[in-house]
Protein chains: 2
Amino acid sequence: MGCALHSAAAGETTPPSCLSRVPVFGQLRAEEVALLHSVMRSRRFSKGETVFREGDCSDSLFVLSRGVIKLTKLEASGKEHIIRLLFPGDFFGQFSLLQEKPHYASAAAADDADVCVIHREDFLEVLRRSPETAARFMTALSGQLEEADSWAAVLTLLETGRRLAKMLLYFRQKSAPGADEFTLPISKKELAGVIGATPETLSRKLGQLSADGIAAVSGRRITILNEKELCRLAGEEQ
Amino acid sequence: MGCALHSAAAGETTPPSCLSRVPVFGQLRAEEVALLHSVMRSRRFSKGETVFREGDCSDSLFVLSRGVIKLTKLEASGKEHIIRLLFPGDFFGQFSLLQEKPHYASAAAADDADVCVIHREDFLEVLRRSPETAARFMTALSGQLEEADSWAAVLTLLETGRRLAKMLLYFRQKSAPGADEFTLPISKKELAGVIGATPETLSRKLGQLSADGIAAVSGRRITILNEKELCRLAGEEQ
């Protein structure tokens, strides 16, 4: 089940701010920054554009510096569903890179996105030359695992209303921490899929949040009107 | 949000077969094996026993060599729910170890379990001395992330019946690959929580699988009678 590697696509530019935008690289020493800077390329993906497809192999590590990436899997029925969202600072693609196996999920830009790309050989060379960067990458991977587990923790909540409230608070924390207003990073249809509800149920639940004065919904724009009550619905203490 | 570390509990013995049972260590060179062997301890946990609690800090990396570990989170209501299961070869506890933050979930033995324990300083020293082991650990972490994502992919399936079929196939693959019979690694009540169903719904769905001649259920023992149909229910092609 190995991987015949093919190179990353063309259209790469030199990195604008890959390193400064990615928290995990924030505490690197000057020589580590220089080392990484020399091997990173930045690529821009338009909304809907695919970074890689499930089953493909790739020879690069991707670090999201701006925008939102959705990881999706195709069901046998041909229906695609989101398994996780990635936000700035998150890594992806390391599975194919490290295990030399095909990607187990597809990655596509949920919104316009800037992605830092490090080619396999460069990445492995940086790890060899800088144990500090290796340790930092390991810590970042461990953080990604926590994110995936937090995501799963929301999905296992029994009530749809609770899953929705949790997911709204999660999206707010990821896109506009502390703010009352934020934009859903995915469509409502996709959100319905994520919380395991039909679009009709989601629509009804959002309508209920509006009617109860908890959140106002206008398209993808969400305004939290009663945070305390939303947290209570999500089963969180304040 | 740092961690005041406390040492792992007493009751440790020298490792019986930590290294041989854990696939990720299977391809290490002799000197790497010796290095790891010298710093690993094995601990046995009885069914139900806690390895660490959410909010605790610990100074060790844990590698499961036998049994099943459940990662759980406590809801504000005091209800505990499973976010993921760990099977032999899986790592856990690296979050607190690498990030020096409290564990975001609790870990407990779902069944009698043997766990290899590596103390923080020993582990970091092995990583410093052996870049190959570091690379292998990174690959293992990446594999864990894939597991967490596969788990989430099951949870986002819309129909309870499909989630149940997928979870049964997943448990079979983890505990007895290719066999017709296997034992559920968790109680039926816990399984209901995992697939986001009430115990009554789960009971009805299992009864339906029996009535349809797809799987026989006796306590926690599951016998797959019609694998093709179970795969079809799970939305998998064969």
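In every chain, residue numbers begin from 1 and rise along the written sequence. By the order in which they are written, chains take letters starting at A while ligands take numbers starting at 1. Local features in this predicted model are restricted to residues whose pLDDT is 70 or higher, and side-chain atom pairs enter the listing and the counts only when it is 80 or higher, whereas totals over whole chains, interfaces and linings include all residues. To get the side-chain values, take all heavy atoms of the structure and skip hydrogens and water.

Next up on the list: the relation of the copies chain B and chain A. Once turned by 180° and shifted 0.0 Å along the axis, chain B lies on chain A with an RMSD of 0.0 Å. Interpreted geometrically, this transformation is the action of a two-fold axis. An overlap of 100% is found between the interface residues of chain B and their copies at the interface of chain A, pointing to a shared contact surface. Copy-to-copy alignment: least squares on C-alpha atoms, limited to residues at pLDDT 70 or above in both. When checking whether two residues touch, look at their non-hydrogen atoms; a contact exists if any pair is within 4.5 Å.

Further remarks concern helix α8 (residues 199-211) of chain A. Residues three or four positions apart in an α-helix share a direction because the helix packs 3.6 residues into each turn. All names here are of chain A. Think of it this way: any DSSP run of H or I at least four residues long counts as a helix, any run of E at least two long counts as a strand, and we number them from the N terminus. Here a helix's expected span is defined as the number of its residues, less one, multiplied by 1.5 Å. Compared with an ideal rise of 1.5 Å per residue, which puts 13 residues at 18 Å, α8 spans 18 Å between its outermost C-alpha atoms and is within 8% of the ideal. Exposure is judged per residue with a 1.4 Å probe applied to protein chains only, and the accessible area is read against the type maximum: over 50% gives exposed, under 20% gives buried, and values in between give partly exposed. Listing the buried residues of α8 in full gives Thr201, Leu202, Leu206 and Leu209. In an axial view of α8, the angular spread of the buried residues amounts to 135°, which keeps them on one side of the axis. Exposed side chains of α8 directed beyond 90 degrees from the buried face belong to Glu200, Arg204 and Ala211. For α8, the secondary structure elements touched by its buried residues are α6 (160-175), α7 (188-194), β10 (215-218) and α9 (227-234). Among the residues trailing α8, Gly213 stands out with phi positive, at a value near 70°. This arc describes the spread of directions from the helix axis toward the C-beta atoms.

On to the sheet that holds strand β7 (residues 106-109) of chain A, then. When DSSP locates at least two bridges between a pair of strands, those strands are taken to pair. The strand order across the open sheet built from four strands is β2-β7-β4-β5 (chain A), with neighbouring strands paired in antiparallel fashion. On the outer flanks of this sheet lie β2 (50-52) and β5 (80-86) of chain A, each paired with one strand and no other. For this sheet the average axis-to-axis angle between neighbouring strands, irrespective of direction, equals 35°. As paired elements, strand β4 (residues 69-74) of chain A and β7(A) share four bridges and run antiparallel to each other. When the sheet's bridge partners are listed, A:Ile69 is paired in β7(A) with A:Ala109. Contacts between helix α5 (residues 131-155) of chain B and the sheet are confined to β4 and β5 of chain A, with β5(A) contributing the most and set at about 135° to the helix. Axis definition: a line fitted to C-alpha atoms, over the contacting stretch in the case of helices. Angles run 0 to 180 degrees between N-to-C directions.

Turning to the pairing of β7(A), a few remarks are in order. Residue and element names in this part refer to chain A. Of the two faces of β7, both are covered, the one formed by Ser106 and Ala108 as well as the one formed by Ala107 and Ala109. Of the strand pairs in this sheet, β2 and β7 are connected by two bridges, and their pairing is antiparallel. Counterpart to Phe52 in the pairing with β7 is Ala107.

Looking now at the domain arrangement of chain A. Residues and elements named next belong to chain A. Splitting chain A by domain gives domain 1 (18-154) and domain 2 (157-234). Between domain 1 and domain 2, the C-alpha centre-to-centre distance is 27 Å. Taken together, the contacts link eleven residues of domain 1 with twelve residues of domain 2. Approximately 1,200 Å² of surface area, both sides summed, lies buried where domain 1 meets domain 2, with 66% of it carried by carbon and sulfur atoms. Here the buried area means the combined drop in accessible surface, using a 1.4 Å probe, for two parts upon being joined, counting both sides. Three residues, Phe87, Trp151 and Val154, lead the burial of domain 1 against domain 2; their summed loss comes to 50% of the area buried on that side. The start and end points of each domain follow an automatic or database-based domain assignment.

What follows deals with the sheet that holds strand β3 (residues 60-66) of chain A. All names here are of chain A. The four strands are arranged β1-β8-β3-β6 in an open sheet whose pairing can be described as antiparallel. Each of the sheet's edge strands pairs with one partner strand only, and the pair in question is β1 (40-45) and β6 (91-92). Packing against the sheet, helix α4 (residues 120-129) makes contact with β3 and β8 (113-119), and its axis sits at approximately 70° to β8.

A few words now on the UniProt feature "domain: HTH crp-type" (unreviewed entry) in chain A. UniProt positions are given in the numbering used here, feature names are shortened, and annotations may be inferred rather than shown by experiment. Cross-referencing UniProt, the feature "domain: HTH crp-type" (unreviewed entry) maps to residues 158-228 of chain A in the present numbering. Secondary structure content for residues 158-228 of chain A is 54% helix and 15% strand, while the C-alpha to C-alpha distance between its ends is 21 Å.

Residues and elements named next belong to chain B. Tracing the backbone through its elements, the reader meets His103 in the loop between α3 (94-99) and β7 (106-109). For His103, a relative accessible area of 5% translates into the label buried. Pairs of N or O atoms within 3.5 Å make up the polar contacts considered here, provided that, within protein, one atom can donate a hydrogen while the other can accept it, and that residues adjacent in sequence are counted only when both atoms are side-chain atoms. Only 2.6 Å separates the side chain of His103 from the side chain of Ser58, close enough to count as a polar contact. Residue contacts for His103: discarding those within four places in its chain leaves Phe52, Arg53, Glu54, Gly55, Asp56, Cys57, Ser58, Gly93 and Ser96.

With that out of the way, let us pick up the nonpolar core. With 80 residues, the main nonpolar core has A:Ile69, A:Phe92, B:Ile69 and B:Phe92 as its most contacted residues. Contacts of B:Phe92, omitting those with residues within four sequence positions, involve B:Val51, B:Phe52, B:Leu61, B:Phe62, B:Val63, B:Leu64, B:Ile69, B:Leu86, B:Ala107 and B:Val115. In terms of nonpolar packing, the next biggest core, distinct from the first, is built from 70 residues, A:Trp151, A:Ala192, A:Leu206 and B:Phe171 among them. Residue types Ala, Val, Leu, Ile, Met, Phe, Trp, Tyr and Cys, when buried and joined through side-chain atoms within 4.5 Å, form a set referred to as a nonpolar core.

With that settled, consider the interface of chain B and chain A. Interfaces are often described in size by the accessible area the parts lose on coming together. On the chain A side, the residues contacting the 42 residues of chain B number 42 residues. With both sides pooled, the region where chain B packs onto chain A buries about 3,700 Å², and carbon together with sulfur makes up 65% of that total. For chain B, the biggest contributors to the area lost against chain A are B:Met138, B:Leu145 and B:Thr156; these three give 18% of the whole. For the pair chain B and chain A, the interface holds six residue pairs in polar contact (both at pLDDT 80 or more). It is α5(B) that contributes the most residues to the side of chain B that touches chain A, 16 residues altogether. Within the side of chain B that touches chain A, the residues separate by chemical class into 22 nonpolar, twelve polar and eight charged. When residues are grouped by polarity, Ala, Val, Leu, Ile, Met, Phe, Trp, Tyr, Cys and Pro land in nonpolar, Asp, Glu, Lys and Arg in charged, and all others, Gly among them, in polar.

This paragraph deals with the pattern of salt bridges. All names here are of chain B. For this document, the term salt bridge refers to a Lys or Arg side-chain nitrogen within 4 Å of an Asp or Glu carboxyl oxygen. The final tally for this structure, using the stated rule, is 22 salt bridges over all chains. Residue Arg66 pairs with Asp114 through a salt bridge whose shortest N-O separation is 2.9 Å. One end of the pair, Arg66, is in strand β3 (residues 60-66); the other, Asp114, is in strand β8 (residues 113-119), with 48 residues separating them in the sequence. What makes Asp114 buried here is its relative accessible area of 2%.

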